[in-house]
Amino acid sequence: MKEFKYVVTDPEGIHARPAGILVKQAAGYKSAVTIVKGEKSADAKRIFGVMGRGVKTGEEVTIKVDGEDEETATAELEAFFKENL
């Protein structure tokens, strides 16, 4: 399993549009992708799971990737977060 932490810098946090893009990105991997905020985690391949975390600007999330393409998925998802959130 691979993981990385990211502090959200988008002024609106993880709102509907970037959440939808994140779900599409995560769905493209065979690995399980989980988004964690505080004590709660959710499947990053499900829009309600991502939106349900209610991530605001300045809050830290942890992205966990576990599976056969975890190396590629982790690198690409980290780049996605830096570019979009």
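In this report, the structure presented in the accompanying data block is examined.

Reading the values: the criteria
Residues numbered from 1 in each chain as written. Predicted model: local features only at pLDDT ≥ 70, side-chain atom pairs only at ≥ 80, totals over all residues. Heavy atoms only, no water. Helix = DSSP H or I, 4+ residues; strand = E, 2+ residues; numbered from the N terminus. Rg over C-alpha atoms; globule rule 2.2 N^0.38 Å. Buried < 20%, exposed > 50% of the residue type's maximum accessible area, 1.4 Å probe, protein only. Areas by Shrake-Rupley, 256 points an atom, 1.4 Å probe, with all protein chains shown as cover. Lys, Arg positive; Asp, Glu negative; His and termini not counted. Charge placed at Lys NZ, Arg CZ, Asp CG, Glu CD. Pairing = 2+ DSSP bridges. Axes fitted to C-alpha atoms, helices over the stretch in contact; angles between N-to-C directions. Contact = heavy atoms within 4.5 Å. Phe/Tyr/Trp six-rings, centres within 6.5 Å; stacked < 30°, edge-to-face > 60°. Polar contact = N/O pair within 3.5 Å; in protein donor to acceptor, adjacent residues only side chain to side chain. Salt bridge = Lys/Arg side-chain N within 4 Å of Asp/Glu carboxyl O.

## Quick notes on the overall build of the chain
- Helix and strand counts for the chain come out as 3 helices and 4 strands.
- Written out in order from the N terminus, the α and β elements of the chain read β-α-β-β-α-β-α.
- Its C-alpha atoms give the chain a radius of gyration of 11 Å, near enough to 12 Å, the size a compact globule of 85 residues would have.
- The principal-axis extents of the C-alpha atoms in the chain amount to approximately 35 × 25 × 20 Å.
- Counting over 85 residues, the chain shows a buried share of 41%.
- When the accessible area of the chain is evaluated, it comes to approximately 4900 Å², of which 49% is carbon and sulfur surface.
- Taking the average place of the 13 positive charges on the side chains of the chain and the average place of its 15 negative ones, the gap between the two points comes to 6 Å.

## Considering the sheet that holds strand β1 (residues 2-7)
- If you trace the 4 strands from one edge of the open sheet to the other, you get β1-β4-β2-β3, paired in antiparallel fashion. For this open sheet the edge positions go to β1 and β3 (40-43), each flanked by a neighbour on one side alone. Each strand axis lies, on average, 25° off the axis of its neighbour in the sheet, ignoring direction.
- Relative to strand β4 (residues 60-66), β1 is paired through 6 bridges, and the arrangement is antiparallel. Bridge assignment links Lys2 to a residue of β4, and that residue is Val65.
- Running at roughly 5° to β1, helix α3 (residues 70-84) makes contact with β1, β2 (32-37) and β4 of the sheet.

## Things to note about the packing of aromatic side chains
- This model, assessed by the stated rule, comprises 3 aromatic pairs.
- For the pair Phe4 and Phe81, a centre-to-centre distance of 5.7 Å together with 80° between the ring planes defines the contact as edge-to-face. Pair noted here: Phe4 is in strand β1 and Phe81 is in helix α3, with a separation of 77 residues, a long-range link.
- Considering the side-chain rings of Tyr6 and Phe81, the 5.5 Å spacing of their centres and the 65° angle between planes classify their relative orientation as edge-to-face. Within this pair, whereas Tyr6 is found in strand β1, its partner Phe81 is found in helix α3, the two being separated by 75 residues in sequence. There is no split in this pair, since Tyr6 and Phe81 are both buried.

## Focus on the side chain of Thr62
- Residue position: Thr62 is located in strand β4.
- A distance of 3.2 Å separates polar atoms of two side chains, one belonging to Thr62 and the other to Lys5.
- Setting aside its immediate chain neighbours within four residues, Thr62 contacts Glu3, Phe4, Lys5, Thr34, Ile35 and Val36.

## Concerning the pattern of salt bridges
- Inspection of the entire model under this criterion finds 4 salt bridges.
- The partner of Glu71 in a salt bridge is Lys2, and the shortest N-O contact between them spans 3.5 Å. Separated by 69 residues along the polypeptide, Glu71 in helix α3 and Lys2 in strand β1 bring together distant segments of the chain.
- Among the residues examined, Lys2 registers a relative accessible area of 31% and is labelled partly exposed.
- For Asp43, the salt bridge is made with Arg46, and the minimal N-O distance between the two is 3.7 Å.
- Using a relative accessible area of 32% as the deciding quantity, one classes Asp43 as partly exposed.

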